[in-house]
Every structure is written in structure tokens, then in C-alpha cells.
Amino acid sequence: MPGFELFGDLERKEVNDVLDNGVLMRYGFDGMRKGHWKAKELETELGKAFNSKHVQLVSSGTAAVSVALASAGVGAGDEVIMPTFTFVASFEAIMMLGAIPVLVDIDDTLTLDPKAVEAAITDKTKAVMVVHMCGSMANLNELQKVCNTNGLVLVEDACQAIGATYNGKPLGSIGDLGCFSFDFVKTITCGEGGAVITNNKDFYVNADHYSDHGHDHIGSDRGAETHPFLGYNFRISELHAAVGLAQVRRLSEFLEIQRKYLTIFQDKLSQIPEVTLRTVPEGGEESGAFFNFFLPDLETTRKVIQAFKENGIDACWNYYDNNWHYIRKWDHLKDLKSLFPITQEVKDGLKYLKTKSFKQSDHFIGRNISCLIKLSWTQEEVEERAKKMTEIISQMV
Ligand SMILES: *Cc1c(COP(=O)(O)O)cnc(C)c1O
């Protein structure tokens, strides 16, 4: 997945443009810039790449999710449905707004189960946040139906599936708002950065103002701008945007490599009868950032992961035992270990986590192995790796 693996001259050139004129900020200083507007240019490129009318760059993927929700008016006491399998950023972004994360089961796509979403809707539910984990996607048709029927906002977190498509449309462009991260390990990177994409003009204007202290960005005198509503600072810098600008132009090159390698892994490992590939919804095409498969049970899965490690197969994980991506190890959330007081509304809203079990999620995450696909590998290395993985698994099942 990581774009940083292929950092080179193109990235350096874009960054040097910024260093040459010294304008590290994305807004203002028009006279000093010598025509360099890296963040603006990156927004235009992202709009093309992800088929969206509006793009707002921000400082991280976590900021993107929070800004997206805020732009759609999600806030104190609202419930946001999200999956049990994701990155901690999902509930962080929700709770930052005083909203309540409602965690529900995933299915064999490793993303939100539409039936579990439907069952979790209450009169407080405002949005559904689908997280397209590990390079693939949820059943977006079903989720859209559920959202439309119940008047809910659909936010797509496509941070881990940059470039994957559903019915020919880029992930992130299908829901009301889409979110990307360009942190250092994502398919394209800015070092740190993120983006909100949308076709909804109002949501975009909200995101534009909110991510820059409420600035209305009208005119060319920043100090004289007005602030129609409260905001924060989630700005990206020109230096970060410059790196992203070089990277986004290489996205199709990165995707081609990832997908080629993904196919090699899928073809080879699916020859083992005990291996089941992750389900990709009809009409979906993975980004190839990861190769995902299921083994028969948790015990075998743990043994295989151990054997992978001992045999030099790195960058493969079983998320059942992972601190950052699965509900099982999120005690800090369950125990509400916050540095500052949390509202009673959110405390009450999260009580269910003390007792709720997620058997269906355990069933899928417990048996899943997720392997990063590296852009820097050669095809020979990938074939060798797939062969080695097949040998190890065949001995253990
Ligand atoms: C990386 C990631 C984020 C957060 O992105 P940052 O830029 O690191 O804040 C959010 N959601 C998912 C699924 C991610 O993988």
C-alpha cells in the first residue's frame, strides 16, 4: 500500500517549489507565491481522480472524518453507526463532536453489515460511517438503501481503499461525503494529510470554512474575511500538499502494481481448499492495498501468523489480537479513559459497550489474515512470497 515506498524526484520537485518561495501556508500571501498553490492544485487533481465536484484538503484522515460529520451537521448527542473493525480514528472523530459512536457488526466483506446497521437505528441516529477496510468495500447499494429509507447521512471512510471502485465509481464518491487519509502508510501520502470529497455544495462550503477557523475565504485579504460560523484549524500545509500532488499523479501507476500483485496472491492461495477469499460486493474492484483471506478457525489462524513471522513473511496480521483496529482491545473506549470530562450524554450512550458482544465480527476477524501489498516488491518476490505462504498454510490446515 504505502506510497512512501516510491518517494522520489517528482515529490522533491514539488516540495522544492514551495521551499523556493517560502510560502508554507495554503491560504493568502498571493504576491509571494510565484503562482504556486499546491493545496489548491491537489484538490483539483483529487476531484478528477475521485470523480467529485468538491474537495477539501485537511490535516489528517481523522480530521477528514470529523470535518465531514460536522459539515453534515452531526454533533452533540447524535448517534453515528460505525463498524467494530476499523481504526481508532473512527470513534475519535465522532466523539470529538460530542456525538455517540454506535458500533455494529461487520460481515464477510470485513466492513459494515447492512443488516446490523438497520437493526441499530434509533431516533437519535444521524449518520452511518462505512469504513472500507483493507482495500475493499462494503455493500454500498444496501447501505445507501438503508440510509435513504431512514434519512441518514452516509459518510465513506476510504482511507484504506484509495482507488478502489464500486460499480465503476471511486470509493468515497458514492456516499454523501467521502474521507481519505494521506498519512505516511496510505496508498498515496502527503506525510500527513487528508481530504473530504463531496458533490454537495453546502457540505463542501461548510468543510471549507470549518477546517479554517470559520474563514469564509472571500476576497484576498484574510484578515478582513468574515466568519459565518465557528470553526477549528484542520489545515494542511503547502509542503504536505506538494508531496501529495506528486503522489496523486502516480496513483494509477500504484494501483496497477497493487492489483497485479493482489491477483498473484489470490490465484495462488485460493488453490488451498481451506482458504476462503474475502467477499467483494458485486460490482466492486479492490485497490489491491491488501490481500485478505479467511482460514477455518482462530487457532489455525494464530498458528499460521506465527509461522509466517518465523519464516520471514512480514506485514501480515490477524486483527483479532490487534490493539488499534478491533473492538476487543479498545478498553480505553469501553472504560472511557478521557483526559477531560465527557458529557453525560456520551457516557450513557456508550454504556452498551461494557456488556455487548460482537459474535459475528469475532467470527470473521478471528479467522482473517490481512497482508499488506508493497509497491516496492518485484513480481518474482511476490511469486516467491505467495509460494511460501501456500506451503506454510498447507502444512497447518
Ligand atoms: C489511517 C486511517 C484513518 C486516519 O487517518 P490519519 O491520517 O492517520 O489520521 C482513518 N480511518 C482509517 C480506516 C484509516 O486507515
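Residues numbered from 1 in each chain as written. Predicted model: local features only at pLDDT ≥ 70, side-chain atom pairs only at ≥ 80, totals over all residues. Heavy atoms only, no water.

This part takes up the overall build of the protein chain. Of regular secondary structure, the protein chain possesses 14 helices and 14 strands. Dimensions along the principal axes, computed over C-alpha positions, put the protein chain at roughly 70 × 50 × 40 Å. When each of the 397 residues of the protein chain is scored for burial, the buried share is 56%. Long-range pairs, those at least 24 residues apart, make up 69% of the contacts in the protein chain between residues at least 6 apart in sequence. Total accessible area on the protein chain is roughly 16800 Å²; 51% of this is exposed by carbon and sulfur atoms. Here the protein chain holds 41 positive side-chain charges and 54 negative ones, and the gap between their average locations is 2 Å. (Helix = DSSP H or I, 4+ residues; strand = E, 2+ residues; numbered from the N terminus. Buried < 20%, exposed > 50% of the residue type's maximum accessible area, 1.4 Å probe, protein only. Contact = heavy atoms within 4.5 Å. Areas by Shrake-Rupley, 256 points an atom, 1.4 Å probe, with all protein chains shown as cover. Lys, Arg positive; Asp, Glu negative; His and termini not counted. Charge placed at Lys NZ, Arg CZ, Asp CG, Glu CD.)

So, on to helix α3 (residues 61-71). Extensive coverage of α3 is indicated by the burial of nine of its eleven residues. Buried residues of α3: Gly 61, Ala 63, Ala 64, Val 65, Ser 66, Val 67, Ala 68, Leu 69 and Ser 71, and no others. Sitting at the amino-terminal end of α3 is Ser 60, which places a side-chain oxygen 3.3 Å from the backbone nitrogen of Thr 62. Count one or two residues on from α3 and you reach Gly 73, which has phi positive near 85 degrees. (Polar contact = N/O pair within 3.5 Å; in protein donor to acceptor, adjacent residues only side chain to side chain.)

What follows covers unusual backbone geometry. Generally, phi is negative for residues other than glycine and the peptide bonds are trans, each holding for most cases. Even without being glycine, Lys 34 reaches a positive phi, approximately 50 degrees. In this structure, Leu 336 is a non-glycine residue whose phi angle is positive, near 50 degrees. Looking at the secondary structure, you find Leu 336 in the loop between α11 (331-334) and α12 (344-349).

Of all five residues making up strand β2 (residues 79-83), five are buried, and the element is well covered by its neighbours. Judged by which residues are buried, β2 turns out to be covered on both faces: Glu 79, Ile 81 and Pro 83 on one side and Val 80 and Met 82 on the other are all buried. The pairing of β2 with strand β3 (residues 100-104) spans five bridges and is classified as parallel. Paired with Ile 81 across the bridge in β3 is Val 102. Taken together, β2, helix α4 (residues 89-95) and β3 constitute a β-α-β crossover, and its handedness is right-handed. The pairing of β2 with strand β4 (residues 125-131) spans three bridges and is classified as parallel. When the bridges of β4 are listed, Val 80 appears paired with Ala 127. (Pairing = 2+ DSSP bridges. Right-handed = clockwise from strand over helix to strand, strands pointing away.)

Any functional reading would require information beyond the geometric quantities listed.
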